Amino acid sequence: MILSMTGFSSAELELERFRLIMELRSLNSKVSDINLRIPPFLGNQESYCRKIIAEKLYRGKIDLVIKSIPINQPNQKINVELVKGYMDELRQIYRDCSMETLMSLAVKMPEVWIRDSAVIREDENDKFKSALADLIDNLHNYRIQEGEILMKVLKDSIKLIDSLLITTEKKAHERETNKEIRLKKIIKQAGKEYDEKRMEEEILYYLEKLDVSEEIVRLKSHLDYFQKILLTNPPNGKKLGFISQEIGRELNTLGAKIQDAPIQRLVVCMKDELEKIKEQLFNIV
């Protein structure tokens, strides 16, 4: 099973004094990069948010954005002592002003109005945690759906590489056989005496330099392992990336050793499919 790193979910939660609009987004990232934009009154929940997101979503650039909309205007009180002080000072400046004028000026001064601090109750904390868990689950389900699409793409590419490799192995074997026959024929046509044992050694040495059986065996092993890891539980994207690098190394060696145009074209096709796989792996958890 694989998961896409891309996902989105949203939800709304209505509390006594606020309506919370919650959005969770996830994009590609090599590591877990969690960013929060939440109202100040949820500041005590920040560490919890980071912890649960990291546990359930594993990896990706993850943004949690929560906006709060007041349902009821917060209660406001006047700082009476501060207003009195302002009025005494204003009276010394504006001696001819009426009491009403002084009052209207005083109530506009800084820190006169005291608002109730924006807080949520303990039971509302529980509602928030439940809503956050649902938000994360929804994004996780989105990732699963995207992962199923990616799984099909990866399986198709691996299957094609495997098919091309079978053809490559067959052609490489035919090529080695033909090379051996041609070498023996050339030596015999030379019409000179030769050491048959030495000739066999030279032919074997030459054929060993062109032999790609080890590379093909390792490639088959890497392809099988890749398909096996596809079925493991996430996170498995990094491991698949390492395996794809090993596949690439063997293909490079295979292409360098094969001095045959038709077979090299097959190697190029396998490399092309591998590049498609690597592009998809950037989006896998």
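Everything that follows concerns the structure shown earlier in this document.
In this report, we go over the structure that sits alongside the text. (Residues numbered from 1 in each chain as written. Predicted model: local features only at pLDDT ≥ 70, side-chain atom pairs only at ≥ 80, totals over all residues. Heavy atoms only, no water.)

It is worth spelling out the nonpolar core at this point. In this structure, Ile 2, Phe 226, Ile 247, Leu 254 and Met 270 are the most contacted members of the largest nonpolar core, which totals 30 residues. Looking at this core, the elements that each hand over two or more residues are helix 4 (122-189), helix 6 (213-230), helix 7 (237-257) and helix 8 (261-281). Ranked by residue count, the leading element in this core is helix 4, at eight residues. Apart from residues no more than four positions distant in its own chain, Phe 226 is found in contact with Ile 158, Leu 240, Ile 243, Ile 247, Ile 277 and Leu 281. (Core = buried A, V, L, I, M, F, W, Y, C linked by side-chain atoms within 4.5 Å. Buried < 20%, exposed > 50% of the residue type's maximum accessible area, 1.4 Å probe, protein only. Helix = DSSP H or I, 4+ residues; strand = E, 2+ residues; numbered from the N terminus. Contact = heavy atoms within 4.5 Å.)

Turning our eyes to something else, we now look at the environment of Tyr 48. With respect to the element layout, Tyr 48 can be found in helix 1 (residues 46-57). According to the relative accessible area criterion, Tyr 48 is partly exposed, its value standing at 27%. Separated by 81 residues in the primary sequence, Tyr 48 and Lys 129 have C-alpha atoms spaced 8.7 Å apart. Beyond its immediate chain neighbours, meaning those up to four positions away, Tyr 48 contacts Lys 129 and Leu 132.

Attention shifts here to the side chain of Gln 45. Along the polypeptide, Gln 45 turns up in the loop between strand 3 (32-37) and helix 1. Each residue touching Gln 45, except ones within four places of it in the same chain, is listed here: Asn 125, Phe 128 and Lys 129.

Turning to helix 2 (residues 80-93), a few remarks are in order. The end-to-end C-alpha distance of helix 2 is 20 Å, a good match for the 20 Å that 14 residues give at a rise of 1.5 Å each. Listed in full, the buried residues belonging to helix 2 are Val 83, Tyr 86, Met 87 and Leu 90. One side of helix 2 carries all its buried residues, which in axial view fall inside an arc of 100°. Across helix 2 from its buried face, at more than 90 degrees, point the exposed residues Glu 81, Glu 89 and Gln 92. (Expected span 1.5 Å × (residues − 1). Arc of directions from axis to C-beta.)

With that out of the way, let us pick up the pairing of strand 3. Judged from the six bridges that link them, strand 3 and strand 4 (residues 60-70) form a sheet pairing that is parallel. Of the residues in strand 4, the one forming a bridge with Ser 32 is Gly 60. Each parallel crossover has a hand, and for strand 3 linked through helix 1 to strand 4 it is left-handed. (Pairing = 2+ DSSP bridges. Right-handed = clockwise from strand over helix to strand, strands pointing away.)

Side-chain direction in a regular strand flips from residue to residue, so the side chains alternate between the two faces of the sheet. Only one face of strand 2 (residues 18-27) is covered, namely the face carrying Phe 18, Leu 20, Met 22, Leu 24 and Ser 26; the face carrying Arg 19, Ile 21, Glu 23, Arg 25 and Leu 27 is uncovered. The sheet contact formed by strand 1 (residues 7-14) and strand 2 spans eight bridges and is antiparallel. Bridging across to strand 2, Glu 14 finds its partner in Arg 19. Taking the residues that link successive antiparallel strands as the turn, the strand 1-strand 2 hairpin has three residues.

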